[in-house]
Number of protein chains: 4
Amino acid sequence: MRRKQEKRSKILFAAIKVFAQKGFYNTKVADIAREAGVADGTIYLYFKNKDDLLISIFEEKMDEILGLFKARLKKANNAREKLEIFFKTYFRLINDDQDLAEVFQVELRQSSKFLKDYHHQKFFDYLNIIGDIIKQGQNEKIFRQDLNPLIAKRIIFGAIDEVARQWILGAESEFSTDEACREVIKIIGKGLLQNRN
Amino acid sequence: MRRKQEKRSKILFAAIKVFAQKGFYNTKVADIAREAGVADGTIYLYFKNKDDLLISIFEEKMDEILGLFKARLKKANNAREKLEIFFKTYFRLINDDQDLAEVFQVELRQSSKFLKDYHHQKFFDYLNIIGDIIKQGQNEKIFRQDLNPLIAKRIIFGAIDEVARQWILGAESEFSTDEACREVIKIIGKGLLQNRN
Amino acid sequence: MRRKQEKRSKILFAAIKVFAQKGFYNTKVADIAREAGVADGTIYLYFKNKDDLLISIFEEKMDEILGLFKARLKKANNAREKLEIFFKTYFRLINDDQDLAEVFQVELRQSSKFLKDYHHQKFFDYLNIIGDIIKQGQNEKIFRQDLNPLIAKRIIFGAIDEVARQWILGAESEFSTDEACREVIKIIGKGLLQNRN
Amino acid sequence: MRRKQEKRSKILFAAIKVFAQKGFYNTKVADIAREAGVADGTIYLYFKNKDDLLISIFEEKMDEILGLFKARLKKANNAREKLEIFFKTYFRLINDDQDLAEVFQVELRQSSKFLKDYHHQKFFDYLNIIGDIIKQGQNEKIFRQDLNPLIAKRIIFGAIDEVARQWILGAESEFSTDEACREVIKIIGKGLLQNRN
DNA sequence: AATGAATGAGATTTCATTCAT
DNA sequence: CATGAATGAAATCTCATTCAT
């Protein structure tokens, strides 16, 4: 049992890494097998097929991520604090766990569209964390009332996602995740606020 | 001569449509040929290979787009106006050519990273339009001095890109491109401004 | 009429050149068209297909070659003289007309086997020039009686053909056709003679 | 391990047979697969591509052949004996493995010239066996001093090669390899000797 | 459970040949 | 007659998946 799960994790972990590096369609199942140190066939003992690997990564890693966000956000007293914690948690994740970061990059954007019959409930859950913070901020009269949370959450997600991508792909040295986080708080944070704040 | 260019366009147009619908890796060259109403082989009279088709879409459409942005931005008097014009032009483009928008949003992001030997100079040119507006705004003392243009341009690009993607992929009806544009101006626009403005 | 034949020749000439350079299977019909300065389709006005080009080269050029040999050999008084004239004519041809030389190289060896329903009568005629010289030499008691003309003619053909190929393909500068000819006469010539000569 | 080599051999063997029958360019990879009793894709587990198959035949068989020649030639006391052993070995080889002989005779000549980036070191090694015998014969004063070994080796190679080709392609029944060998020894052997021998 | 050799469907690409202009 | 753009059949090669060991 224990053993079995270990091998499964090893494969999943390898898949994340390789998908992130080469993209879903350019990754051969054999690449993942090599990275995981198992035989090609072994992968099919744990996953139905290549698509299933992608979906599993998503499902399982997303659970971790959602759990982490929820735990951290509990400590906040208002939407403004929540937003900051959200950003900090996000960039901390990106910085600390390259592979987890790659899940965001690979999974949340890439290939998702083409795994036909799969709907990303967990991705919506994730997005709604942002959406909920916005709504809470509007209720608390901290954030502008005229914001459309539907669009605003996309703006925020897109902004941090792109900055993270750049940090991951680019010469990491261009800027630190800390700087990135501060910059996001400056622009997005201020952009959401009521005029008089 | 004339004829030749027409056929080329027809193929490019078909490619945009099919790539947008099915994704680059799920599109067969035969699909494009059928959509364009030509034989499979004909495509290879105009394009080196399937990759070249994607790259050509990017290069040629990007030229149009860059040209359009430059023309429109000329009319602006200051960075704040420029930013607004930039956003409006962007969402107008997205609204007017959905297939092209989709290829840019979904396919180029996914695939281009992995197309060998291809560097996205034009993408950098595009990004730098945003970067230049930010710098100009700082010079004009309209935008905050403490912004890092390198990060800020990514934040902006990511934000509008994601909103556009959502508009394209999503049920379209969730919001209009006009609303999206206004929302972006509200959040990003305000986020960049000096405190006293 | 005249015009028509000129274009036909131009194509045939181009085909010889390109086949010789790249080999039959690596030559595209378009290559020949370009070399001949005509359109691809034009070739099909003069030749049935690509195979027909190869066969036509063979038929027509072989007639020239056979005619030349016959004319020259008339002047010889005995088999020994004939053999020398044959060798000299051969290497003269090779030396003087690179394209004719290439016919030997390309046509007599290459691809011939795979043009299924085609039998090379003219190639046999050519080989029989050598065979006849050998038989005549045996009748004249100049050449050894125990030679098998069937095999001997192949030995001779193979020897000169290979030397010619080397001269054509190799750094032509390794040896001259004159040296080659002398060497052939030394080895083959002497090899055929009766002991006491 | 053992198994793996067996399959590789089976494919190589099948390739020799089919190339010999139909020619390199007329052979489909699927033909070889069928002959070898494996799936098309299996061939690509053992060989890079179709060219590699031809090159591998050449390289590997040439090694065997070179080894055989060297072993046999050791037993000779002088150049004259060496030459005879060389011829006998050559025609023995031709006689014993007709398919391989055919590939060497017909296919490598035709195709190899056009296989990119491939240099026939082993073919030169093979040619130099003849060249070395000639030089040794000259040193031993058995062969004529006025021979140019460069040309002479080509004459000899061409002669036996063509005789072998005729034996392979032709009606076999025209002559035996033994007869061919004797004929070659008669003509070439004698042609090389000093006058007084 | 694990392996990895084998499979074979399927995609890209080439190029001889045709035919409308 | 000549053109050369267009065709589409056919061949190579890849790689997700299977299955005997």
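Overview of the structure. (Residues numbered from 1 in each chain as written. Chains lettered and ligands numbered in written order. Predicted model: local features only at pLDDT ≥ 70, side-chain atom pairs only at ≥ 80, totals over all residues.)

Digging into the relation of the copies chain C and chain D
And then number 1: With an RMSD of 0.6 Å, the operation that places chain C on chain D is a rotation of 179° combined with a shift of 0.3 Å along the axis. Both chain copies can therefore be described as sitting about a two-fold axis.
And then number 2: A share of 94% of the interface residues of chain C reappears at the interface of chain D, consistent with the copies meeting face to face through the same patch. (Least-squares fit on C-alpha atoms with pLDDT ≥ 70 in both. Contact = placed C-beta atoms within 7 Å.)

Some remarks on the interface of chain B and chain A
And then number 1: In this assembly, 35 residues from chain B lie in contact with 35 residues from chain A.
And then number 2: By residue number, the principal contributor to the side of chain B that touches chain A is helix α8 (residues 149-169) of chain B, which donates 13 residues. (Helix = DSSP H or I, 4+ residues; strand = E, 2+ residues; numbered from the N terminus.)

Quick word on the packing of helix α8 (residues 149-169) of chain A against helix α9 (residues 177-192) of chain A
Residue and element names in this part refer to chain A.
And then number 1: Interaxial distance between α8 and α9 falls to 11 Å at its minimum, and their mutual angle equals 160°. Taken together, the axis directions place α8 and α9 in an arrangement best described as roughly antiparallel. The chirality of how α8 crosses α9 is right-handed. Here Ile156, Ala159, Ile160, Val163 and Trp167 of α8 come into contact with α9, specifically with Thr177, Ala180, Val184 and Ile188.
And then number 2: Split into classes, the residues belonging to the contact of α8 with α9 amount to eight nonpolar, one polar and no charged. (Axes fitted to C-alpha atoms, helices over the stretch in contact; angles between N-to-C directions. Parallel < 35°, antiparallel > 145°, perpendicular 65-115°, else oblique. Left-handed = near helix turned anticlockwise from the far one by under 90°. Nonpolar A, V, L, I, M, F, W, Y, C, P; charged D, E, K, R; others polar.)

Concerning the interface of chain C and chain D
And then number 1: At the interface, 35 residues of chain C touch 35 residues of chain D.
And then number 2: Mapped by element, the contributors of at least two residues to the side of chain C that touches chain D are α8 (149-169) and α9 (177-192) of chain C.
And then number 3: Here the element with the most residues in the side of chain C that touches chain D is α8(C); it accounts for twelve residues.
And then number 4: Among the residues making up the side of chain C that touches chain D, the classes are represented as 16 nonpolar, eight polar and eleven charged.

Considerations on the protein's contact with DNA strand E
And then number 1: Taken together, 30 residues lie near DNA strand E, and Ala39(A), Gly41(A), Gly41(B), Asn49(C) and Gly41(D) sit nearest.
And then number 2: Secondary structure elements with two or more residues in the surface near DNA strand E: α3 (40-46) of chain A, α2 (29-36) and α3 (40-46) of chain B, α2 (29-36) and α3 (40-46) of chain C together with α3 (40-46) of chain D.
And then number 3: Of the residues that constitute the surface near DNA strand E, the class distribution is twelve nonpolar, eight polar and ten charged. (Near = placed C-beta within 6 Å.)

Description of the protein's contact with DNA strand F
And then number 1: Taken together, 31 residues surround DNA strand F, and among them Asn49(A), Gly41(B), Ala39(C), Gly41(C) and Gly41(D) come closest.
And then number 2: Those elements giving two or more residues to the surface near DNA strand F turn out to be α2 (29-36) and α3 of chain A, α3 of chain B, α1 (2-22) and α3 of chain C together with α2 (29-36) and α3 of chain D.
And then number 3: Classifying every residue of the surface near DNA strand F gives twelve nonpolar, eight polar and eleven charged.

Some thoughts on the environment of Ser56(A)
And then number 1: By the element assignment, Ser56(A) lies in helix α4 (residues 50-73).
And then number 2: Residues Ser56(A) and Lys88(A), spaced 32 residues apart in sequence, show a C-alpha to C-alpha distance of 26 Å.

Quick word on the nonpolar core
And then number 1: Judged by nonpolar contacts, the single largest core of 103 residues is most densely connected at Ala15(A), Val184(A), Ala15(B) and Val184(B).
And then number 2: At eleven residues, α8(B) tops the list of elements feeding residues into this core.
And then number 3: For Ala15(B), the residues in contact, after removing those within four places along its chain, are Ile32(B), Leu53(B) and Ile57(B).
And then number 4: Among the nonpolar cores identified, the runner-up in size contains 102 residues, and Leu83(C), Trp167(C), Phe47(D) and Phe143(D) belong to it. (Core = buried A, V, L, I, M, F, W, Y, C linked by C-beta atoms within 7 Å. Buried ≥ 20, exposed ≤ 12 C-beta atoms within 10 Å, placed from the backbone.)

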